[in-house]
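Coordinate inspection notes
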Amino acid sequence: MTWSPSTRKLTPTRCLTDAVNLHDQRFMEHALELARKAVGLASPNPPVGCVIVKDGAIIGEGLHQYDWRDHAEIVALKQAGQRARGATMYVTLEPCNHTGRTGPCSDALVAAGIMRLVGAMRDPNPKNGAGGFARLRAAGVEVESGLLEGEAQRLNDGFSHWIRTGRPFVTLKSALTLDGQLTLPQSRKNKRNPWISSEESRAEVHRMRHASDALLTGIGTILADDPLLTDRSGLERRRRLLRVVLDTDLRLSPKSRILQTVDDDLLVFTSAPLQSLKARELQNAGVQLVRLRKNKSGLDLRPVLKELGRREILSVLLEAGPALNTAALSAKLVNRLVLFYAPKLAASSQVPFAKGPIPNQLRFTICSIRQFGPDVALELLP
């Protein structure tokens, strides 16, 4: 199971019919399930699933894994073989029509004799430019698109945002008490149960981490909680979750758990000189350092996200304290907000969700309300 936001109002590229074809929907749902299995395995490419059907039976299916190179359509075509001629293909993303690491999937579909294609969403990559659907129509393939488009787009929020902006899609996640606090009194001293949220909520957070390329936090969280910031979902991923820390003055301790477990997966942004003794010690320990100029409130998040985008990081999960939450929201860099509310009261105002005024009052739309154990999770979009 991977994190997927709730339905947004979308306009499909072409409506199938007012009465949804349940036959088509069933096979597209199966293609989407395959695409969900590609989460963590496809990045920096989009997770895609594909099903080939003939005479009501599945004759080929596939998902895209970056290390396998083949796109989902090619995996399914190889499985179907000669039986693909005259068949219907269901795919969660428009087949590519350009040459990259592989040749155009659209050409492969035409050569295989696919008679009908049902697609969920258009490819946001401008290199494709809707060329896949157009190429297939020009070759006489019956093409329909827009079936379960919302579900497909949610799976590809990270890829779509990165393709459009060059920056990763940012999800801000927090666990809160009912009165909006990030900690309970004495919780950090309670070694047996320091958590606000339930075990069920924490399991969901690890699924969210699994669906992300990087986890971003500030040095304040590291110093206060000494977290690992790892993906402990138990699900397979092709590259390690990149742990990113904003540490203006390089206060990261060599004894911290995050440094003790570094394996080319820790990136620290700082304004400290990279030739300093502390910087060299961290680099020798395996930490990647990037120096940025600081402004009045610390490090600017925009160049941080730009650098992550350059490194083909498509999605970032922001798990931080009040200062970094405020900075991200004020800069309007949060693409999704997920708040886990526990049925507890802190009865104090020591560690609020955000600190300081946020200019231009922000408004969000609640997209889903889900329950995890005793907790309630709200998902919001700007």
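Scroll up to find the structure.
Residues numbered from 1 in each chain as written. Predicted model: local features only at pLDDT ≥ 70, side-chain atom pairs only at ≥ 80, totals over all residues. Heavy atoms only, no water.

This next bit is on the nonpolar core. Counting residues in each nonpolar core, the largest one holds 44 residues, and the members touching the most others are M28, I52, L77, M89, I114 and L117. In terms of residues, this core owes the most to one element, helix 1 (residues 22-37), which gives 6 residues. Not counting chain neighbours up to four residues away, the residues in contact with I114 comprise I52, L77, A84, A87, M89, L109 and V141. (Core = buried A, V, L, I, M, F, W, Y, C linked by side-chain atoms within 4.5 Å. Buried < 20%, exposed > 50% of the residue type's maximum accessible area, 1.4 Å probe, protein only. Helix = DSSP H or I, 4+ residues; strand = E, 2+ residues; numbered from the N terminus. Contact = heavy atoms within 4.5 Å.)

What follows covers the pattern of salt bridges. All chains considered together, the criterion is met by 20 salt bridges. Residues R370 and E204 are paired through a salt bridge, measuring 3.7 Å at the closest nitrogen-oxygen approach. One end of the pair, R370, is in strand 15 (residues 365-372); the other, E204, is in helix 7 (residues 199-210), with 166 residues separating them in the sequence. A salt bridge links R243 to D265, with the shortest nitrogen-to-oxygen separation between them at 3.1 Å. Here D265 lies in the loop between helix 9 (257-260) and strand 9 (266-270) and R243 lies in strand 8 (residues 242-246), a separation of 22 residues in the sequence. (Salt bridge = Lys/Arg side-chain N within 4 Å of Asp/Glu carboxyl O.)

A few words now on unusual backbone geometry. Across the junction of S43 and P44, the peptide omega takes the value 15 degrees, indicating a cis bond. Among the secondary structure elements, P44 is positioned in the loop between helix 1 and strand 1 (49-54). The phi torsion at D55 lies on the positive side, around 55 degrees, for a residue other than glycine. Summarising the element assignment, D55 is placed in the loop between strand 1 and strand 2 (57-63). We note that D226 has phi near 50 degrees; this positive angle belongs to a residue other than glycine.

Within the structure shown, the criterion is met by 3 aromatic pairs. Centre to centre, the rings of F27 and Y90 are 5.5 Å apart; their planes meet at 35 degrees, and the pair counts as tilted. Taken together, the residues F27 in helix 1 and Y90 in strand 3 (residues 88-91) connect sequence positions 63 residues apart. Judged on exposure class, the residue F27 and its partner Y90 are both buried. Between F159 and W162 the ring centres are 6.5 Å apart and the planes differ by 45 degrees, which places this aromatic pair in the tilted class. Of the two residues, F159 and W162 both sit in helix 6 (residues 157-165), 3 residues apart, roughly one turn of that helix. (Phe/Tyr/Trp six-rings, centres within 6.5 Å; stacked < 30°, edge-to-face > 60°.)

A word on helix 6. Among the residues of helix 6, those classed as buried are D157, G158, F159, S160, H161 and W162. Looking one or two residues past helix 6, G166 carries a phi angle of roughly 80 degrees, positive in sign.

Right, let's talk about the sheet that holds strand 1 for a bit. Within the open sheet, the 5 strands sit side by side as 2-1-3-4-5. Their pairing is mixed. Taken across any chain shown, the strands that pair with only one partner, and hence form the sheet edges, are strand 2 and strand 5 (142-145). Averaged over all pairs of adjacent strands, the angle between their axes in this sheet comes to 15 degrees, without regard to strand direction. With 6 bridges connecting them, strand 1 and strand 2 associate as antiparallel partners. Paired with C50 across the bridge in strand 2 is G62. Its contacts with the sheet put helix 1 on strand 1, strand 2, strand 3, strand 4 (116-119) and strand 5, and the angle it makes with strand 1 is roughly 145 degrees. Running over the sheet, helix 2 (residues 72-80) touches strand 1, strand 2 and strand 3 and is turned about 140 degrees from strand 2. (Pairing = 2+ DSSP bridges. Axes fitted to C-alpha atoms, helices over the stretch in contact; angles between N-to-C directions.)

Across 4 bridges, strand 9 lies against strand 10 (residues 288-291) in parallel orientation. Bridge pairing in strand 10 links V268 to L289. Handedness of the crossover is the feature at issue here: the chain leaves strand 9, passes through helix 10 (residues 277-284), returns alongside strand 10, and the resulting connection is right-handed. (Right-handed = clockwise from strand over helix to strand, strands pointing away.)

It is worth spelling out the environment of A120 at this point. Structurally, the position occupied by A120 is in the loop between strand 4 and helix 4 (131-138). Taking the C-alpha atoms as reference points, A120 and S145, separated by 25 residues in sequence, lie 5.5 Å from one another. Here A120 is in contact with M28, V91, T92, G146, L147, L148, E149 and A152, once residues within four sequence places are set aside.

Here we come to the side chain of S106. With respect to the helices, strands and loops of the structure, S106 is situated in helix 3 (residues 105-112). On the basis of relative accessibility, which here comes to 0%, the residue S106 falls in the buried class. Other than its neighbours up to four places away in sequence, S106 contacts P95, C96, N97, G132, R135 and L136.

When two helices pack together, their arrangement is given by the angle between their axes and by how far apart the axes lie. Closest axis-to-axis distance for the helix 3/helix 4 pair is 9 Å, and the angle between their directions is 25 degrees. Between helix 3 and helix 4, the angle is such that the two are roughly parallel. Between helix 3 and helix 4 lies a crossing whose hand is right-handed. Between helix 3 and helix 4, the residues in contact are S106, D107, L109 and V110 and G132, R135 and L136, respectively. Across the contact of helix 3 with helix 4, the residue classes tally to 3 nonpolar, 2 polar and 2 charged. (Parallel < 35°, antiparallel > 145°, perpendicular 65-115°, else oblique. Left-handed = near helix turned anticlockwise from the far one by under 90°. Nonpolar A, V, L, I, M, F, W, Y, C, P; charged D, E, K, R; others polar.)

This part is about the sheet that holds strand 14 (residues 336-341). Strand order across the open sheet formed by 9 strands is 10-9-8-7-13-6-14-16-15, with mixed pairing between neighbours. Unpaired on one side and paired on the other, strand 10 and strand 15 mark the two borders of the sheet. Across this sheet, the average inter-strand angle for adjacent strands is 20 degrees, counted without regard to direction. The pairing of strand 8 with strand 9 spans 4 bridges and is classified as parallel. Each residue of the ladder has a partner; that of R243, found in strand 9, is L266.

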